[in-house]
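The chain contents come next:
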Amino acid sequence: CGSSPAAPVPGTTCTDTAVPDGTHRYLVTAVYRSWKSAGAASVAVAVSSVRKLALSPQPPATVTAGSPLVSFRVQLRTVSGADVPEAGVRVNLGLGANPAGGTLAGTTAATTDASGMATFSNLSITKSGAGYMLTASSPGYPDATTSSFTVLPAAATKLVITAGTTLAGSASASALLGPVTVERQDAYGNSVTAGSTPVSLSTSSGATGIFAA
């Protein structure tokens, strides 16, 4: 007991705390002065010290909507922090905190290689918002969660009329149309507030009248 101590263990019980991962059998030998008697070997005892998933690196504070996130690595670790070289363990990566209702796009499931590491390299989020977090999970292991980060809108690519209370009326010199709200959005429908863009209104009808303000 205790990885085969040099001296016998006094008493009839002991706690073995230094057993490497793997399958082991115990053989108890009773010792009294010069007399020894070995018992039969125990049944097989499976020992595994895997206690956590280590997710790295931490995401940057801000990322751009639709842009690839950094490559994330999930390593199997013992409770003491040593790497566990176990291949074929399925690991999933998903959104832990999802403040804006986004979707994690890309390959979100991977299996560990011979060193016990699973790699995720083609992930992205298209919905802007603050407070996102990624969570790695695998059956039998506690989840590992990243620090929070913000997804910023991409560059503005379109103008969208988001509100218009009155868009029809009789010809008049008075203000009868609107108000009309026009929003700049990126390719994913996120509102873009940074910067400014001149906006003008026109009509696609065949009438000769024009807008007046």
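First things first, this report covers the structure right here in the doc.

Scoring rules and cut-offs
Residues numbered from 1 in each chain as written. Predicted model: local features only at pLDDT ≥ 70, side-chain atom pairs only at ≥ 80, totals over all residues. Heavy atoms only, no water. Helix = DSSP H or I, 4+ residues; strand = E, 2+ residues; numbered from the N terminus. Buried < 20%, exposed > 50% of the residue type's maximum accessible area, 1.4 Å probe, protein only. Contact = heavy atoms within 4.5 Å. Areas by Shrake-Rupley, 256 points an atom, 1.4 Å probe, with all protein chains shown as cover. Pairing = 2+ DSSP bridges. Patch = residues over 30% accessible without salt bridge, like charges linked within 9 Å, V, L, I, M, F, W, Y side chains within 5 Å. Salt bridge = Lys/Arg side-chain N within 4 Å of Asp/Glu carboxyl O. Core = buried A, V, L, I, M, F, W, Y, C linked by side-chain atoms within 4.5 Å.

### Quick word on the overall build of the chain
Next, step 1: Counting secondary structure elements, the chain contains 0 helices and 17 strands.
Next, step 2: Counting only residues that meet the buried cut, the chain has 22% of its 213 residues in that class.
Next, step 3: Summarising the internal contacts of the chain: among those between residues at least 6 apart in sequence, 51% fall at separations of at least 24.
Next, step 4: For the chain, the accessible surface area stands at approximately 13,500 Å², while carbon and sulfur atoms represent 55% of it.

### Focus: unusual backbone geometry
Next, step 1: Ser56 connects to Pro57 through a cis peptide bond whose omega is -5°.
Next, step 2: Relative to the helices and strands, Pro57 is located in the loop between strand S5 (50–56) and strand S6 (62–64).
Next, step 3: Of note, the phi angle at Arg33 is positive, near 55°, even though the residue is not glycine.

### A look at the pairing of strand S3 (residues 35–38)
Next, step 1: The sheet contact formed by strand S2 (residues 29–32) and S3 spans 4 bridges and is antiparallel. Bridging from a neighbouring strand, Ala30 pairs with Ser37 of S3.
Next, step 2: Linking S2 to S3, which pair antiparallel, is a turn of 2 residues; within it Arg33 sits at a positive phi near 55°.

### Here we look at a nonpolar patch on the surface
Next, step 1: Together, Leu159, Ile161, Val180, Val182, Val199 and Leu201 make up an exposed nonpolar region whose accessible area comes to about 500 Å².
Next, step 2: Counting only elements with at least two residues in the nonpolar patch, the list comes to strand S16 (158–164) and strand S17 (180–185).
Next, step 3: Exposure remark for Leu159: the relative accessible area of 47% places this residue in the partly exposed category.

### Overview of the environment of Ala194
Next, step 1: Counting through the fold element by element, Ala194 comes out in the segment after S17.
Next, step 2: What makes Ala194 exposed here is its relative accessible area of 58%.
Next, step 3: When the C-alpha atoms of Ala194 and Ala155 are compared, they prove to be 9.1 Å apart, with 39 residues separating the residues in sequence.

### Here we look at the nonpolar core
Next, step 1: Phe120 and Ala136 are the most contacted members of the largest nonpolar core, which totals 25 residues.
Next, step 2: When contributions to this core are tallied by element, the ones reaching two or more residues are S5, strand S7 (72–78), strand S8 (90–97), strand S11 (117–120), strand S13 (129–138), strand S14 (141–145) and strand S15 (149–152).
Next, step 3: For Ala136, the residues in contact, after removing those within four places along its chain, are Leu53, Leu55, Val74, Val91, Asn92, Leu93, Asp143 and Ala144.

### Focus on the side chain of Ser138
Next, step 1: Along the chain, Ser138 turns up in strand S13.
Next, step 2: Looking at Ser138, the relative accessible area reads 6%, which means it is buried.
Next, step 3: Apart from residues no more than four positions distant in its own chain, Ser138 is found in contact with Leu53, Val89, Arg90 and Val91.

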